[in-house]
Structure formats: C-alpha cells, structure tokens
Amino acid sequence: MKKVVNYDILRELLIFAIALLLAVMFWQNNILLTFLMILVYGARQFKWSAKGDNIIYVSGIILGCTAEFIGTHLGVWTYSAPLFMNIPLWLPFAWGLVSVIIIRVSLPFIEE
C-alpha cells in the first residue's frame, strides 16, 4: 500500500468520526442532523470525489433504508426520534456516507 493511500484512509476515517460525532451530538434534531449529514457528504464529494461515489451513496441509502424499514416495522429495533417511516430523517444519509467510506477504506487493501 502506498504512503499516499494511508492519508486517504486516515481522511476517510476522520470524515467517519466527524459524522459519528455529529450524530451523537444532534440526534434529537432531525432536520439539523439531516442537513449536517448531507453537508458532510457534499464537502467530501467536492474536495475528494472518486468515480462511483454517488452510485455507492445512493445504493447505501436504498439498502440501508430497506434494512431499517424492515427492522423497525417488525419491531426488531426502534428509534427514539423517528420522523419518516419509523426512522430518523438523517439516517438514510448516514447510511449513504458510511457506504462510501467503507468502500474507500477497503479498496486500497483489495487492489494490491
């Protein structure tokens, strides 16, 4: 793995930490946290976009929401501040962001 890739991985992990911190701090305010999750992804895409990120993002939203809808509908888990179909409004955007981060952190290890 190249030295430059290490910085890319660290950047993605930092973005993940920021998103997690925002979720912990603002989970009770659905609208604000939704805006912040979209802002984090938008800033990441503006500065460090890679081919396929938007497809991964939308796929993460769709697959993550599908699991969330099924899980909450069946009563497997619940959220304390749901706003849309038993989940918080910000959660789909967090799923999308984390999907992109997982791919970007994993790819350097696979491509060697």
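Bear in mind that the values here come from a model prediction, so they are computed numbers and not experimental data. (Residues numbered from 1 in each chain as written. Predicted model: local features only at pLDDT ≥ 70, side-chain atom pairs only at ≥ 80, totals over all residues. Heavy atoms only, no water.)

Section: the pattern of salt bridges
Right, on to step 1. Counted according to the given criterion, the structure contains 5 salt bridges.
Right, on to step 2. Taking the shortest distance from any N to any O, the salt bridge between Asp8 and Arg11 comes out at 3.1 Å. Here the residue Asp8 and the residue Arg11 both occupy positions in helix H1 (residues 3-26), the gap between them amounting to 3 residues, near one helical turn.
Right, on to step 3. Judged by its relative accessible area of 32%, Asp8 is partly exposed. (Salt bridge = Lys/Arg side-chain N within 4 Å of Asp/Glu carboxyl O. Helix = DSSP H or I, 4+ residues; strand = E, 2+ residues; numbered from the N terminus. Buried < 20%, exposed > 50% of the residue type's maximum accessible area, 1.4 Å probe, protein only.)

Regarding the nonpolar core
Right, on to step 1. One finds Leu33, Met37, Trp90 and Leu97 to be the most contacted residues of the largest nonpolar core, which totals 21 residues.
Right, on to step 2. When contributions to this core are tallied by element, the ones reaching two or more residues are H1, helix H2 (30-48), helix H3 (53-73) and helix H4 (91-110).
Right, on to step 3. If sequence neighbours within four positions are ignored, Leu33 has contacts with Leu22, Ala23, Phe26, Trp27 and Trp90. (Core = buried A, V, L, I, M, F, W, Y, C linked by side-chain atoms within 4.5 Å. Contact = heavy atoms within 4.5 Å.)

Digging into the UniProt feature "transmembrane region" (unreviewed entry) in the chain
Right, on to step 1. As annotated in UniProt, the feature "transmembrane region" (unreviewed entry) corresponds to residues 13-43, 55-77 and 89-110 in the numbering used here.
Right, on to step 2. Annotation note: span residues 55-77, helix share 83%, strand share 0%, distance between end C-alpha atoms 28 Å.
Right, on to step 3. Spanning residues 89-110, this segment combines 91% helix with 0% strand, and its end C-alpha atoms are found 33 Å apart. (UniProt positions renumbered as here; feature names shortened; annotations may be inferred.)

Overview of a nonpolar patch on the surface
Right, on to step 1. Together, Ile31, Leu83, Phe84 and Met85 give the surface a local cluster of nonpolar side chains, amounting to about 430 Å² of exposed area.
Right, on to step 2. As for its placement among the helices and strands, Ile31 is situated in helix H2. (Patch = residues over 30% accessible without salt bridge, like charges linked within 9 Å, V, L, I, M, F, W, Y side chains within 5 Å. Areas by Shrake-Rupley, 256 points an atom, 1.4 Å probe, with all protein chains shown as cover.)

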